[in-house]
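Spelled out from the first residue to the last, the chains are:
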Amino acid sequence: MDVFHFEVIQLLIKKQVGMMENYELVIGLEVHVELSTESKLFCGCSTRFGAEPNTQVCPVCSGMPGTLPVLNKKAVESAVKAASALGCGVEEVSIFARKNYFYPDLPKNYQISQYERPIASDGFLMLDGRKIRIKRVHMEEDAGKLIHSAGESGPSYVDLNRSGIPLIEIVTEPDLKSSSEAETFLNNLKRILEYLEISDCNMEEGSLRCDANISVRPRGESRLGVKTEIKNMNSFKAVRKAIDYEAARQVSILSKNGRISQETRLWNESIQVTEGMRSKEEAHDYRYFPDPDLMPVYVTGQMCREITESIGELPLERKERFVREYGLSEYDASSLTSRKKVADYYEKVVSGKINPKAAANWIMGDLMALLKEHKTEIDSSPVLPGYMAELLSFTEDGRITGTTAKDVLSECFATGICPGDIVREKNLLQINDQDLITGTIREVLENNGKAVADYRNGREQAVGFLVGQIMRKTGGKANPAIVRDTLLKALKEM
Ligand SMILES: [Zn+2]
């Protein structure tokens, strides 16, 4: 760890006591999103993740001379969808350009991207009631991947399965003011893209990647400071930490009258610092020029309207409707709608005239815990929405107790058998039979003389103990309200 790193850590600690408060943080993000089309952007190769290296490759995406790219219409539609959902103006004509550079994962020695005429620009995303401006959305192809062998001297390999997978890049204006805002922005953006079903947004698999442009300036100053670009952040948490580190590093330099150099820096996750990668002087000159192999992309007004109309409700609208329609709290509505498939599941459950609040609690609580434990997604849950509705109707009308319901849910999850059959087969219906309950209570009181004596001596806790004994004797099936009433009556009569 160098001395400078130590100073930055000190500054992060001092943050709480106000050192950083004299400076303002300015952040812009560039988000790369892999589109989940079946085939690549300019050829028919599969985009499936996780295949054996170089098994999803053809002459086009491996950059063979003499091949010609053919544009994937689905990818254009996905880009238009994203642009519309972000309030961008979609261009009728946009141009693919070649971005020239050499790297072993780029067999053509240029990447097909968009430069001067992107497919869309000037949009926004709402963040806590404030508009974060989106500067542009453009399309481009992904590069291949290098696989380095462990150790310093081993060979590196090139896997071109990723080469040519369609991406959109979403670029914001420098409107974000803190690391937590940047993280919330990314979360909201991810929600929208998931709702549009154009990307799985899986950060671990690289479907969503983000670079951050960061600068600081003295509070009240209107000119922007010199910015650095941070790359290589592999999670939202890493984005937040990298921004905090980089801001502290810059403040530390400025507060000693130093100068920030404009450069690209890499986030080093293992030691939690940003490290210089290349300065502005070494920056690439990509020599962009229009790709002569590709026609301009035409998006007619008609096509744009049709795509925009096909966009359903977006997360924010759906959250507001959940509050309005189901009487849920902001918190519950927000949790349920944060992912489209969870919200879809919820709406299927409550369509069976189930209490919306109870359904929210059971889905976000017990069901989510089971899904997490078994690493299952809600859309492949063995507890189908209809089963969940059936289970909740059993608890609502008192046919089974809450304790029983939890057991039935686990059983249903493990076996896929519907709750009604489980309840019948295992004879789990709630016991409301007064005589049976009274008989059990008598038995329990006879066997627990000490607890009864405690109760007589004014120790109220004894009641809880006795209720527990009675419930245990009935296998958790006795109606708890009847048990309590009858027990209290019996104790008074003794
Ligand atoms: Zn191909």
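For the structure, see preceding data.
First, a word on what this report is: a plain description of the structure on this page. (Residues numbered from 1 in each chain as written. Predicted model: local features only at pLDDT ≥ 70, side-chain atom pairs only at ≥ 80, totals over all residues. Heavy atoms only, no water.)

Examining the packing of helix α9 (residues 356-373) against helix α10 (residues 385-396)
It is at 11 Å that the axes of α9 and α10 come closest, and there the two elements cross at 120 degrees. When the axes of α9 and α10 are compared, the crossing they make is right-handed. Here Ala-358, Ala-359, Trp-362, Ile-363 and Leu-367 of α9 come into contact with α10, specifically with Met-388, Leu-391, Leu-392 and Glu-396. Of the residues belonging to the contact of α9 with α10, the class tally is eight nonpolar, no polar and one charged. (Axes fitted to C-alpha atoms, helices over the stretch in contact; angles between N-to-C directions. Helix = DSSP H or I, 4+ residues; strand = E, 2+ residues; numbered from the N terminus. Left-handed = near helix turned anticlockwise from the far one by under 90°. Contact = heavy atoms within 4.5 Å. Nonpolar A, V, L, I, M, F, W, Y, C, P; charged D, E, K, R; others polar.)

Quick word on the environment of Gly-475
Along the chain, Gly-475 turns up in the loop between α15 (461-473) and α16 (480-493). Linking Gly-475 and Ile-431, residues 44 residues apart in sequence, is a C-alpha distance of 10.0 Å.

Examining the coordination of the zinc ion
Each pair of donors in an ideal octahedron of six around a metal sits at 90 or 180 degrees, and each pair in an ideal tetrahedron of four sits at 109.5 degrees. Every protein donor of the zinc ion is listed here as Cys-43 (SG), Cys-45 (SG), Cys-58 (SG) and Cys-61 (SG), and their distances to the metal cover 2.3 Å. One can describe the donor arrangement at the zinc ion as tetrahedral, given that its four donor atoms subtend angles of 101 to 115 degrees at the metal. Ordering the donors of the zinc ion by residue number gives the pattern C-x1-C-x12-C-x2-C. Highlighted residues: Cys-43 in the loop between β1 (23-34) and α2 (73-85) and Cys-58 in the loop between β1 and α2, separated in sequence by 15 residues. With a relative accessible area of 13%, Cys-43 lands in the buried category. (Donors = N, O, S within 2.8 Å, 3.2 Å for Na, K, Ca; no water. Tetrahedral: all angles 85-135°; square planar, octahedral: opposite > 155°, others 65-115°. Buried < 20%, exposed > 50% of the residue type's maximum accessible area, 1.4 Å probe, protein only.)

Observations regarding helix α13 (residues 434-447)
Helix length check: α13, at 14 residues, gives a terminal C-alpha distance of 20 Å against a target of 20 Å (1.5 Å per residue), a fit within 8%. Those residues of α13 that fall on the buried side of the exposure criterion are Ile-437, Thr-440, Ile-441, Val-444 and Leu-445. Taken around the axis of α13, the buried residues stretch over an arc of 135 degrees, which confines them to a single face. The exposed set on the far side of α13, more than 90 degrees from its buried face, consists of Asp-435, Arg-442, Glu-446 and Asn-447. Those residues of α13 that are buried lie in contact with α14 (449-456), α15 and α16. (Expected span 1.5 Å × (residues − 1). Arc of directions from axis to C-beta.)

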